[in-house]
Amino acid sequence: MNNDSKIFRSIVKGVGASLPKKIVTNKDLTMTVDTSEEWIEERTGIKERRIASEGETTSSLGAEAAQKAINNSGLENSDIDLIILATSTPDNTFPASATAIQSSLGIRKGYAYDMQAVCSGFVFAIEAADNAIKVGNAKNALVIGSETFSRIIDWDDRGTCVLFGDGAGAIVLSASDDASNRGVLSNHLHSDGRYGDLLYVDGGPSTSSQVGFLRMDGKGVFKHAVHNLSSAIIEAIEYNNLNINDIDWFVPHQANKRILEAVSKKVGLSKDKVIITVDKHANTSAASIPLAINDAVEEGKIKPGDLVLLEAMGGGFSWGSTLIRW
Ligand code: UT7
């Protein structure tokens, strides 16, 4: 613990991503489950997804994304003193997969842990890293979202198996005391456990000897997602005394293109400002936002100085937003 009373701001220094090699298209899925290319694309916007092969794990994908983010930040691995891995699909029940990533990156100092807030995990992890930086507990934090949802999918359930993919993304957040307005400007998090049975996994260490499979009431989740994401956007805008048009880029959790369109319509934001990657990644849970950020940065969309609003909603329910001046 650092008792220095100076308040730091967390600025984004680097981004990175990692995807499994194997691409599974909608057409591929029609060979194994009673579905059609049209149904999947029209109802979700998904065209293809990456699926982890044997040997590709949450920690291996996460470590690759993290290494790219560190390289991109100009820092050394030894500069990292905090690793938060947002995931619901850890390699094992314990230890935290974040410590496996720490080890594979050769990092020997600081602390590492997993954050479990399902599809909102990346936003929850940024909030935790930002707070650790602000109180002086960390200077350079790796915030990673990495998932292998293919391993908890019931591949006979057409209502869910077409929706998810695997992958990882990461950012480096660093303490900065410069007077510029860059960095994390606000975090707003929410949970409401009354809706746990609309999206859950039917197994786990304390209730069953099996890891279990993902179960979802899609329509129920859809309705809440539109409402909660819209209210999260408005909350962030109002808190920061902004107008919706002041935001340069919206990076939502990528679950369904129709959810993103409905939210855009509800809060009156321009579709051109919404980063969409669900077509090629499908729903990668906690990895979807950093994967989308990485794409947007690589494509030259998100640039230094831009106001970027991250928003997510998922199982729990848990939802929230982070506003960053890039
Ligand atoms: O990341 C966490 C948050 N998760 C989400 O945000 C997911 C939210 N929910 C959704 O994205 C949508 O509800 C789904 C994409 C999951 C489903 O779309 P929907 O428009 O709500 O469809 P539905 O579940 O009401 O199903 C409509 C029909 C049903 O047939 P009947 O009963 O009308 O005859 C389903 O059996 O579509 C059928 N169906 C399928 N047909 C072909 C369900 N899955 C499939 C499929 N292929 N894969």
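Now for a description of the structure that goes with this document. The structure presented is a predicted model; accordingly, all values stated were derived computationally and were not measured.

Moving on, we get to the sheet that holds strand β5 (residues 111–115). Taken in spatial order, the five strands line up as β1-β7-β6-β4-β5 in an open sheet, and their pairing is mixed. In this open sheet, the two strands that pair with only one neighbour each are β1 (9–18) and β5. Within this sheet the neighbouring strands show an average axis-to-axis angle of 20°, counted without direction.

The strand order β8-β13-β12-β11 describes an open sheet built from four strands, whose pairing is mixed. Each edge of the open sheet carries a strand with a single partner, namely β8 (183–191) and β11 (249–252). For this sheet, the mean inter-axis angle between neighbouring strands, taken without regard to orientation, is 15°. Examined bridge by bridge, β8 and strand β13 (residues 318–325) share eight bridges and lie antiparallel to one another. Opposite Val184, over in β13, you have Ile324 as the bridge partner. Set on the sheet, helix α10 (residues 288–298) makes contact with β11 and β12 (307–314); between it and β11 the angle comes to about 145°.

Moving on to the packing of helix α3 (residues 58–73) against helix α4 (residues 97–104). The angle between the axes and the distance between the axes are what describe a pair of packed helices. As a packed pair, α3 and α4 sit with axes 9 Å apart at the nearest point and diverge in direction by 50°. Judged by the angle between their axes, α3 and α4 are oblique. α3 and α4 meet at a crossing whose hand is right-handed. Residues Ser59, Gly62 and Ala63 of α3 lie in contact with α4, whose contacting residues are Ser97, Ala100, Ile101 and Ser104.

This paragraph deals with the nonpolar core. Grouped together as the largest cluster of nonpolar side chains are 42 residues, with contacts concentrated most on Ile233, Ile244, Phe250, Leu269, Leu309 and Met313. Among the secondary structure elements, those contributing two or more residues to this core are α7 (218–239), α8 (257–267), β12 and β13. A total of eight residues in this core trace back to one element, the largest contributor, which is α7. Two domains each put at least three residues into this core: domain 1 (9–176) and domain 2 (183–325). Dropping the residues within four chain positions of it, Ile233 is found in contact with Ile244, Phe250, Val263, Val267, Leu269, Leu309 and Glu311. Among the nonpolar cores identified, the runner-up in size contains 37 residues, and Ala132, Ala286, Val308 and Trp326 belong to it.

The sheet contact formed by strand β4 (residues 82–86) and β5 spans five bridges and is parallel. Paired with Ala86 across the bridge in β5 is Met115.

Cut-offs used in this document
Residues numbered from 1 in each chain as written. Predicted model: local features only at pLDDT ≥ 70, side-chain atom pairs only at ≥ 80, totals over all residues. Heavy atoms only, no water. Pairing = 2+ DSSP bridges. Helix = DSSP H or I, 4+ residues; strand = E, 2+ residues; numbered from the N terminus. Axes fitted to C-alpha atoms, helices over the stretch in contact; angles between N-to-C directions. Contact = heavy atoms within 4.5 Å. Parallel < 35°, antiparallel > 145°, perpendicular 65-115°, else oblique. Left-handed = near helix turned anticlockwise from the far one by under 90°. Core = buried A, V, L, I, M, F, W, Y, C linked by side-chain atoms within 4.5 Å. Buried < 20%, exposed > 50% of the residue type's maximum accessible area, 1.4 Å probe, protein only. Domains from an automatic or database assignment.

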